[in-house]
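Reading the structure
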Amino acid sequence: MKAGFIGLGTMGASMAANLQKGIQKDGHTVVVHDVRREAASRHLKDGAVWADSPAAIAESCDVIFSSLPGPAEFDAITYGEKGLLSTIRPGVAFFDLTTNSPSTVRKAHGDFQKKGAYLFDAPVSGGPRGAATGKLAIWCGGDADVFEKWKPVLDTIGDQARYIGPIGAGSVAKLVHNCYGYIATAAAAEVFSMGVKAGIEPLAIWEAVRQGAIGRRGAFDSLTDQFLPNKYEPPAFALRLAHKDVSLATQLGRELNVPMRLANLALADLSEGLNRGWGNRDSRAIMLLQTERAGVEVKVDPQRLTEALENKAKHG
C-alpha cells in the first residue's frame, strides 16, 4: 500500500509522522508533498518518498491525506495545475483533514465521484499536542463502507476516528465544535473581567469555578440531561432562579461599568422564557428559543442517548 500525505505544517507534519510509524513497519510506503520541500526533511529521513506535486501522489497512492490552512488551499491541490483530479485513479480514498467549508467539500466530492474516487471531509480536533501524540478526534463525512475499510489507517493518525455521516458532515461537526469553543472563550473573558474588576484575584475565581457545577463537568456533557432528550421537566435548576442569577451578574457589570454583551443576550432569553410561563421549567429551556428561531427540533431517542452515554463511559 502507498499512502500519500499533502501539507506538512504544524499539524500535518506530526500526523504524517504518526502515519509513517503506523504503516511503514508493515512494509507500506508513505509519499509526501508540501509547497516547501524542507518541511518534509524529517519524513524523508525516516523513509518517506517525496512527490513533486499532488498529481504525483494521486497517480501512485491508494489512500491520500491532506492537512491544509483552508478551502483555498484545498481547491489548489484539487483543481490546480498538477492537482489531484488530474491523475486520481478509481477506488482511491482521499481524506481531507482540513477544517474546510461543507459546500467546498460537497462540490469536490461530486468531482472525485466522477473519477471513481472517494473524498472524505475528515477534520481533526486535538491541537498540535494531539497531532504529535495521536490523541486526535477525526470526524469523517463520506461513504460509510469505505470509511470502515480505511479506519485502521486513520487509527495511526488519531485515536478517535469516527464516521459522522455523508459528505460535509465532518466539517459541520468541526465548525460546531470550534464555534462553541470560541463563544465559550468569549463568555469566560466576559465573566472573568467582571470578577476581577469586582476585586477578586483571577486564580481564586478559577479555583472557585472549577469546583462548581460547570467546572466539575464538561459543558457538552450536560447537554444529555435536558437539551438532547428535549425534556425540561422536572427542573434540575429552575429558569426563574437562573434569571435571578444572571440579573444579579449583569447588575454587577453595570455597577462596575463592565460590558456584558453575552450575559445580556442570555438574560434576554431568560426573560422571554419567564414571559412564556417557563419559570418552573429547567433553566436550559431557553435553548428551545434558539431552536425555534432556527426552525429545527432537537430530540434524541432516549434509547440511543443511553447507548451513547454507555459507550462514552466505556471508551471515553
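The following refers to the structure shown. Just so you know, these numbers come straight off a predicted model, no measurement behind them.

**Some remarks on the side chain of Ser-67**
- If you trace the backbone, Ser-67 turns up in the loop between strand E4 (63–66) and helix H4 (71–79).
- Discounting residues that sit within four places of it in the chain, Ser-67 has contacts with Phe-5, Ile-6, Gly-7, Met-11, Gly-12, Met-15 and Thr-98.

**Let's talk about the nonpolar core**
- Counting residues in hydrophobic clusters, the biggest one holds 32 residues, and the most contacted among them are Phe-5, Leu-19, Phe-65, Phe-95 and Ile-138.
- Listing elements by their share of this core, those giving two or more residues are strand E1 (2–6), helix H1 (10–23), strand E2 (29–33), E4, strand E5 (93–96), strand E8 (137–141) and helix H7 (144–154).
- The biggest single contributor to this core is H7, with five residues.
- With sequence-adjacent residues up to four places away left out, Phe-65 is seen in contact with Gly-4, Phe-5, Ile-6, Leu-19, Phe-94, Phe-95, Leu-97, Val-153, Leu-154 and Ile-157.
- Within the second largest apolar cluster, 21 residues are counted, among which are Ile-6, Leu-85, Ile-88 and Ala-117.

**Remarks on the environment of Met-1**
- Tracing the backbone through its elements, the reader meets Met-1 in the segment before E1.
- Separated by 193 residues in sequence, Met-1 and Met-194 place their C-alpha atoms 57 Å apart.
- When residues no more than four places from it in sequence are discounted, the contact partners of Met-1 are Ile-23, His-28, Thr-29, Asp-62, Val-63, Trp-150 and Val-153.

**Let's talk about the packing of aromatic side chains**
- Across all of its chains, the model carries six aromatic pairs by this definition.
- Taking the centre distance of 4.4 Å and the plane angle of 10° together, the rings of Phe-95 and Phe-120 count as stacked. With Phe-95 in strand E5 and Phe-120 in strand E6 (residues 118–121), this residue pair connects regions lying 25 residues apart in the sequence.
- What makes Phe-95 buried here is its relative accessible area of 0%.

**A few points about the environment of Ile-88**
- Residue position: Ile-88 is located in the loop between H4 and E5.
- It is 8.6 Å that separates the C-alpha atoms of Ile-88 and Gly-116, two residues lying 28 residues apart in sequence.
- Every residue in contact with Ile-88, bar those within four places of it in the chain, is listed here: Ala-58, Ile-64, Phe-112, Lys-115 and Ala-117.

**Structural notes on the side chain of Asn-18**
- Examined against the element boundaries, Asn-18 turns out to sit in helix H1.
- Among the residues examined, Asn-18 registers a relative accessible area of 9% and is labelled buried.
- Here the side chain of Asn-18 touches Ala-132 through a polar contact of 3.4 Å, landing on its backbone oxygen.
- Setting aside anything within four residues of it in sequence, one finds Asn-18 in contact with Ala-131, Ala-132, Thr-133, Gly-134, Thr-156 and Ile-157.

So, how was this worked out
- Counting starts from 1 at the beginning of each chain's written sequence and moves along it residue by residue.
- Where local features are concerned, this predicted model is filtered to residues with pLDDT of at least 70; where side-chain atom pairs are given and counted, the filter is 80 or more; whole-chain, interface and lining totals use all residues.
- Calculated side-chain values reflect all of the structure's heavy atoms, with hydrogen atoms and water omitted.
- Secondary structure elements are defined from DSSP: runs of H or I of at least 4 residues count as helices, runs of E of at least 2 residues count as strands, and each element is numbered from the N terminus.
- Working rule for contacts: check all heavy atoms of both residues, and any pair within 4.5 Å makes them a contact.
- Nonpolar cores are built from buried Ala, Val, Leu, Ile, Met, Phe, Trp, Tyr and Cys residues. Side-chain atoms within 4.5 Å join them into one set.
- Only protein chains enter the accessibility calculation, which uses a 1.4 Å probe; a residue is then buried when its area is under 20% of its type maximum, exposed when over 50%, and partly exposed in between.
- Only Phe, Tyr and Trp rings are paired, with Trp represented by its six-membered ring, and only when their centres lie within 6.5 Å; those with planes under 30 degrees apart are stacked, over 60 edge-to-face, the remainder tilted.
- Whenever two N or O atoms come within 3.5 Å, that pair is a polar contact, provided that in protein one can donate a hydrogen and the other can accept it, and provided that, for residues adjacent in sequence, both atoms are side-chain atoms.

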